[in-house]
Amino acid sequence: MLIHKIEEVRNKIREWKSQGLTIGLVPTMGALHDGHKSLIKKSVSKCDKTVVSIFVNPIQFCPGEDLDKYPRTLDADEKLCNDVGVDIIFAPSPKEMYGEGHIMSNDFLTYVTPPFFYVNKLCGKSRVGHFDGVCTVVNKLFNIVQPDFAFFGEKDRQQLIILKKMVNDLNIPVEIIPCPIVREESGLALSSRNKYLSEEDKKEALALSKILFNIKACYKNGIKDCKALTETAYSYLNSNHSLEYLEFRDANDLEEKNIADENTIVFIALKIKNVRLIDNISLGEL
Ligand code: AMP
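Residues numbered from 1 in each chain as written. Predicted model: local features only at pLDDT ≥ 70, side-chain atom pairs only at ≥ 80, totals over all residues. Heavy atoms only, no water.

1. Concerning the site of the ligand
Stated formally: We define proximity as follows: a residue is near a molecule or strand when any one of its heavy atoms falls within 4 Å of that partner. Two N or O atoms count as a polar contact when they lie within 3.5 Å, although within protein this holds only if one can serve as hydrogen donor and the other as acceptor, and sequence-adjacent residues are included solely when both atoms are side-chain atoms. Secondary structure elements are taken from DSSP: a helix is a run of H or I of four residues or more, a strand is a run of E of two residues or more, and numbering for both begins at the N terminus. Asp, Glu, Lys and Arg are counted as charged, while Ala, Val, Leu, Ile, Met, Phe, Trp, Tyr, Cys and Pro are counted as nonpolar; the rest, among them Gly, fall into the polar class.
As a matter of local geometry, the ligand sits amid 17 residues, with Met 29, Gly 153, Asp 156, Val 182 and Leu 190 nearest to it. Within the contact set of the ligand, an oxygen atom lies 2.9 Å away from a side-chain nitrogen or oxygen of His 36. Listing elements by their share of the shell around the ligand, those giving two or more residues are strand 2 (23-28), helix 2 (34-46) and strand 5 (149-153). By residue number, the principal contributor to the shell around the ligand is helix 2, which donates 3 residues. Taken together, the residues of the shell around the ligand sort by class into 9 nonpolar, 6 polar and 2 charged.

2. Describing the domain arrangement of the protein chain
For clarity, the threshold we go by: For the domains described, the bounds stem from an automatic or database domain assignment. Throughout, a residue-residue contact means that at least one pair of heavy atoms, one from each residue, lies within 4.5 Å. The term buried area denotes the loss of accessible surface (1.4 Å probe radius) that occurs when two parts are joined, taken as the sum for both partners. Salt bridge, as used here: a side-chain nitrogen of Lys or Arg that lies within 4 Å of a carboxyl oxygen of Asp or Glu.
Taken as a whole, the protein chain is organised into domain 1 (2-179) and domain 2 (192-278). Relative to domain 2, the C-alpha centre of domain 1 lies at a distance of 26 Å. Contacts between domain 1 and domain 2 engage 21 residues on the former and 18 residues on the latter. Overall, the association of domain 1 and domain 2 removes approximately 1,800 Å² of surface from exposure, summing both partners, and the carbon and sulfur fraction of that is 59%. For the pair domain 1 and domain 2, the interface holds 1 salt bridge.

3. Here's the deal with helix 1 (residues 6-18)
As a reminder, the rule being used: In this scheme, a helix's expected span is set at 1.5 Å multiplied by one less than its residue total. The buried label applies to any residue whose accessible area, calculated with a 1.4 Å probe on protein chains only, is under 20% of its type's maximum; exposed applies above 50%, and partly exposed to all values in between. Summarising the geometry, the arc corresponds to the directions from the helix axis toward the C-beta atoms.
In this model, helix 1 (13 residues) spans 18 Å end to end at C-alpha, consistent with the 18 Å of a helix rising 1.5 Å per residue. Ile 6, Val 9, Ile 13 and Trp 16 are the residues of helix 1 that are buried. What you see down the axis of helix 1 is that its buried residues fit within an arc of 85°, all on one side. Immediately downstream of helix 1, the backbone of Gly 20 shows phi near 75°, a positive value.

4. Let's talk about the sheet that holds strand 6 (residues 175-179)
Here is the rule we go by: Between any two strands, pairing holds if DSSP finds at least two bridges. Interaxial angles span 0 to 180 degrees and are taken between N-to-C directions of axes, which are lines fitted to C-alpha atoms, for helices over the stretch in contact.
The parallel open sheet is built from 6 strands, whose spatial order is 1-4-3-2-5-6. Of all the strands in the sheet, the pair left with one neighbour each is strand 1 (2-3) and strand 6. With respect to the sheet, helix 1 is in contact with strand 1, strand 2, strand 3 (49-54) and strand 4 (88-90), its orientation differing from that of strand 4 by roughly 150°. Sitting on the sheet, helix 7 (residues 130-145) is in contact with strand 2, strand 3, strand 4, strand 5 and strand 6, with an inclination near 150° to strand 2.

5. Quick look at the packing of aromatic side chains
Quick reminder of the rule: Two rings from Phe, Tyr or Trp (for Trp, the six-membered ring) form a pair when their centres sit within 6.5 Å of each other. Planes less than 30 degrees apart are called stacked, planes more than 60 degrees apart edge-to-face, and all others tilted. Geometrically, a charge over a ring is one whose NZ (Lys) or CZ (Arg) sits within 6 Å of the ring centre while staying within 35 degrees of the ring normal.
Across all of its chains, the model carries 3 aromatic pairs by this definition. With a centroid separation of 6.0 Å and 80° between ring planes, the pair formed by Phe 61 and Tyr 70 is classed as edge-to-face. Neither residue differs from the other here; Phe 61 and Tyr 70 are each classed as buried. An angle of 80° between the planes, with centres 6.2 Å apart, marks the rings of Phe 117 and Tyr 118 as edge-to-face. Here Lys 69 stacks its cationic end above the ring of Tyr 196, 4.5 Å away from the centre of that ring.

6. Points about the packing of helix 7 against helix 8 (residues 157-169)
When two helices pack together, their arrangement is given by the angle between their axes and by how far apart the axes lie. The cut-off we apply is this: Orientation is classified from the angle alone, with under 35 degrees giving roughly parallel, over 145 giving roughly antiparallel, 65 to 115 giving roughly perpendicular, and any other angle giving oblique. Definitions for this section: a left-handed crossing has its near helix turned counterclockwise from the far helix by less than a right angle. A right-handed crossing has that turn clockwise.
Remark: helix 7 packs on helix 8, axes separated minimally by 11 Å, with the N-to-C direction vectors making an angle of 55°. It follows from the interaxial angle that helix 7 and helix 8 lie oblique. Crossing geometry of helix 7 relative to helix 8 is assigned as right-handed. In contact with Phe 131, Val 134, Cys 135, Val 138, Asn 139 and Phe 142 of helix 7, helix 8 contributes Gln 158, Gln 159, Ile 162, Leu 163, Met 166 and Val 167.

The structure is reproduced here in structure tokens:
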């Protein structure tokens, strides 16, 4: 069932809560692919009812980013959701979520701001204010849907860590369920932004996963020094790549690592032409 209005979602949630049903929420920006699908399927199998939100959230885009051209494919998204048994697709307009005007201004909107230590690094460094926008919209979605479980992909690992911190710090009664990264057979992590890539660009984009897989292989072979591990990456880069960061950080609090261990995540962001892609890998898992 496709719903655009907050009040209509609330009515359904009230009905489900009165029946004692468990509710799963999968927040997305749409242009759904198999990565999103894996989260949705997990929710459908774990919860009595599943809500998928589809909302290209304007306050998490920085000036000059791809807000206007971000792919919007609601008809196809609706079909995918219906095929896997979603109960509500919640697709509000920006006006429904934020009211008329005021959208980008924190003079007029109450924001949820994650701790500086978590946002002054990795994606937060170049995307100033991005995680405020994410935390604010996810909080609103939690308040509207009141889910028991919320499903987020490890593809956006910094986001996942920040949202876990938010839920813990603000005592939000929801359990965050992390979901593994879904990749193409080539290794490329699925992303709605892959739609911006030509076939040639997609080949260049393999550098991300190749670098991460190679670092993990070197780590498993006994190299623990992060500087030495970083050096193995450069052979995968060429003049079509603009590396934004390649960093080793703690899986719980994003503290920088000099010596890699089982709790280390390797994070990478690079641009191919103007398309910014991110990926990460946990050195701890097999
Ligand atoms: P987005 O629509 O890009 O905001 O993503 C919505 C959710 O899907 C987020 O929790 C993402 O981390 C997750 N997601 C996106 N791509 C993937 C992927 N390739 N594998 C697993 N989860 C993903």
